[in-house]
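For reference, the chains in residue letters:
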Amino acid sequence: MKIAICVKQVPDSWAEKKMVNGVLDRESVDAVLNDLDEYAIEEALRVVEPLNEGKETPEHTITLISMGPDRATEAIRKGLSMGADSGVLVTDPALAGSDAIATSKVLSEVIRAGGFDLVFCGTESTDARMSVIPAMLAERLGWAQLTFAGSVKVDASNSVVEIARMTESGVETMSAKFPCVVSVIEKINEPRYPSFKGIMAAKKKVIENKSLADFGISAAEVGATGAWSVVADAQARPPRDKGVKIEDSGEAGAKLADYLAEKRLV
Amino acid sequence: MSNVLILADHDSGKVAKTAAELATLGKRASSVNAVILSAPGQSDALAAQLANTEVEKVLSVESDDFAKHGIAAMVDALSQIVATTNPVAVLIPSTARGKEIAGRLAVRIGGGVITDAVDVASNLQTTQSVFGGSFTVTASVKTGTPVITVRPSAVEASSTSNSPTVEKLSISIADSAKLVTISESKPAVKGGRPELTEAKIVISGGRGTNGDFSQVEAMADLLGAAVGASRAATDAGWYPHTHQVGQTGKTVSPQLYVACGISGAIQHRAGMQTSKTIVAINKDPEAPIFDLADFGVVGDLFAVLPQAREAIAAKRS
Ligand SMILES: Cc1cc2nc3c(=O)[nH]c(=O)nc-3n(C[C@H](O)[C@H](O)[C@H](O)COP(=O)(O)OP(=O)(O)OC[C@H]3O[C@@H](n4cnc5c(N)ncnc54)[C@H](O)[C@@H]3O)c2cc1C
Ligand SMILES: Nc1ncnc2c1ncn2[C@@H]1O[C@H](COP(=O)(O)O)[C@@H](O)[C@H]1O
């Protein structure tokens, strides 16, 4: 079984984000592995580890796939130190400013070329927050879509995956034959911290660097020029007016009630 | 004739409030056709609920495949409807399912996709609130039919005295859209309180409740509010995860948000910081939630909430 995991490098979600000329200023903030993708890595590791146990060379492998700038290597390296086997990074000057349509196109070509059985994703990248890439990958690849999984059961011998899809509308049990695109929610597990051994091992693991040409994608299809949607304008929201802060010395509840009444909220 | 296509979401026999909201936005650009994808025998009752909205025509497709195969089947039906009706845009509710439908549909029909719009203008330019509300972005689709998802409650639905015509379409779902089989479906349990994303007031509890939501709920019930929770509270199993507010929960933008025993981590703020008025009750004067609060109380929620409730009740009588 070959599993691919799509991982993205994103600005640290704890950092204040800025926009310059309608695009996110990625230079000014630390870049990290999208924390929601760590859950996908953890879940895939939990699928393959018992199956590989006792085997000299692992029969079931995990490849991390990312599209992004050179420094996205760091995000892949982190995933490798958690235990994934190898990585593929698609970097190309033409990719700057790509929308979800282009991103899904590139990732789907990498997946197609790699001969994978399963793709794992996070449910959302913490910068774009679209939650569309996994569904778009299923569409482009013509694979089964098993997304927003709160639990995943992989039956490798029968090539079947069953998940519990957990969203605001409830819980659905669904299953499909390989190949499938799976996305996992952050309730599914507790991602491991890379061990010292894992970090050392990751240094020797291979990250392939690929360009658009390797997948026969033309520059015109991606990036800002190929984007199917355009940002006209981005404005920082005016800062909130400074509020009132009171210390409770026995009458704060009543004062709160006065405040709400004054604002006609109660 | 030019038209905007909206997807009318429904659950347990009830059309979602988002349908009338999408119709209101769609009407700014063109006349509105609403698609209802339902189980056999359900569409008439659902279509009737679109009376007095801006929907001009209901296009209904009845099939067991939607419940059985989910999103891929819905996208297959929608793409066939887009091909025959040639809309100027497709509007879909910004729910987990809606966004996934939108992404797939956009790829299928070759149109650009914009998610989480809070407004759509008559020229189909969208407004989005990004990075937890710290930026407002206007954008538009420049290639193909725009597919736009709109946040629930982003706009007030207008009403008209209109009763839409209903057209039943016979559409067959391709086998390639039946790769997934849904064996069981448990809809989220709805309590008596308003829906989080629809409520005008949200009272939320965090780790500071220590598992006791009774004060939070009592305040919510007094104000007719929805109850929210931080991830710390949902992870601990104190409140259902469907009530989680934040980056990996729901985004809410009510008139009033009251955070009780919530520190205000960035992931929580991402889901509530566009609320009109924010009140925070927290024992720790340094809690980051106070940076956002219009009215902050440094105090114990178990003392402040009951007193506030009493005082509000007294004002009303
Ligand atoms: C990938 C990822 C996604 C996440 N997504 C979300 C999300 O969607 N939503 C979300 O909320 N979080 C999310 N988080 C978690 C987030 O980082 C915080 O851990 C979480 O919001 C903390 O919840 P809390 O404020 O209830 O708890 P804490 O941070 O522990 O704060 C509790 C607060 O209660 C106060 N308190 C204690 N007792 C009382 C009392 N009696 N009266 C008044 N105040 C009291 C304390 O002073 C403290 O400030 C996410 C984290 C990650 C890594
Ligand atoms: N540039 C990218 N490279 C690799 N994976 C990505 C990229 N963008 C998105 N993904 C994957 O798609 C998921 C959803 O992202 P999004 O649709 O952008 O919110 C993420 O959790 C990742 O697994």
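All of these numbers come straight from a predicted model, not from anything done at the bench.

So, how was this worked out
- Residues numbered from 1 in each chain as written.
- Chains lettered and ligands numbered in written order.
- Predicted model: local features only at pLDDT ≥ 70, side-chain atom pairs only at ≥ 80, totals over all residues.
- Heavy atoms only, no water.
- Contact = heavy atoms within 4.5 Å.
- Buried area = accessible area lost by both parts, 1.4 Å probe.
- Salt bridge = Lys/Arg side-chain N within 4 Å of Asp/Glu carboxyl O.
- Polar contact = N/O pair within 3.5 Å; in protein donor to acceptor, adjacent residues only side chain to side chain.
- Helix = DSSP H or I, 4+ residues; strand = E, 2+ residues; numbered from the N terminus.
- Nonpolar A, V, L, I, M, F, W, Y, C, P; charged D, E, K, R; others polar.
- Pairing = 2+ DSSP bridges.
- Expected span 1.5 Å × (residues − 1).
- Buried < 20%, exposed > 50% of the residue type's maximum accessible area, 1.4 Å probe, protein only.
- Arc of directions from axis to C-beta.
- Near = heavy atom within 4 Å.
- Areas by Shrake-Rupley, 256 points an atom, 1.4 Å probe, with all protein chains shown as cover.

A few points about the interface of chain A and chain B
A common way to report how large an interface is uses the accessible area buried once the components associate.
Working step 1: Tallying the contact residues gives 81 residues for chain A and 89 residues for chain B.
Working step 2: Carbon and sulfur atoms make up 56% of the area that chain A and chain B hide from each other, which totals about 7,000 Å².
Working step 3: On the chain A side of the interface with chain B, the three residues burying the most area are A:Glu139, A:Trp228 and A:Arg240, jointly 11% of the side's total.
Working step 4: Remark: the boundary between chain A and chain B carries seven salt bridges.
Working step 5: Counting the contacts that link chain A with chain B gives 42 residue pairs in polar contact (both at pLDDT 80 or more).
Working step 6: Here the side of chain A that touches chain B takes ten residues from helix H7 (residues 252-262) of chain A, the largest share from any one element.
Working step 7: Classifying every residue of the side of chain A that touches chain B by side-chain character gives 39 nonpolar, 18 polar and 24 charged.
Working step 8: Where strand E14 (residues 229-236) of chain A meets strand E9 (residues 135-141) of chain B, seven bridges bridge the pair, whose relative direction is antiparallel.

Here we look at helix H9 (residues 301-316) of chain B
Working step 1: Relative to the 22 Å expected for 16 residues at 1.5 Å per residue, H9(B) spans 22 Å between its end C-alpha atoms, a close match to the ideal helical length.
Working step 2: Taken together, the buried positions of H9(B) are occupied by B:Leu301, B:Val304, B:Leu305, B:Ala308, B:Ala311 and B:Ile312. Seen along its axis, H9(B) keeps its buried residues to an arc of 135°; they face one direction.
Working step 3: Summarising the contacts, the buried residues of H9(B) are in contact with H7 of chain A together with helix H6 (214-223), strand E15 (256-260), strand E16 (277-282) and strand E17 (295-298) of chain B.
Working step 4: Here H9(B) starts with a cap whose side-chain oxygen sits 2.8 Å from the backbone nitrogen of B:Phe302, and that cap is B:Asp300.

Here's the deal with the site of ligand 2
All names here are of chain A.
Working step 1: Lining the immediate environment of ligand 2, one finds 22 residues, of which Cys6, Asp37, Ser125, Ser131 and Val132 sit closest.
Working step 2: Met130 has a polar backbone atom sitting 3.2 Å from an oxygen atom of ligand 2.
Working step 3: A distance of 2.9 Å is found between an oxygen atom of ligand 2 and a backbone nitrogen or oxygen belonging to Val132.
Working step 4: Alone, ligand 2 offers 480 Å² of accessible surface; in the complex the protein occludes 97% of this.
Working step 5: Among the secondary structure elements, those contributing two or more residues to the shell around ligand 2 are strand E6 (61-67), helix H3 (100-114), strand E8 (118-122) and helix H4 (133-141).
Working step 6: Of all the elements, E6 adds the most residues to the shell around ligand 2, at three residues.
Working step 7: Here the shell around ligand 2 is built from residues that sort into eleven nonpolar, seven polar and four charged.

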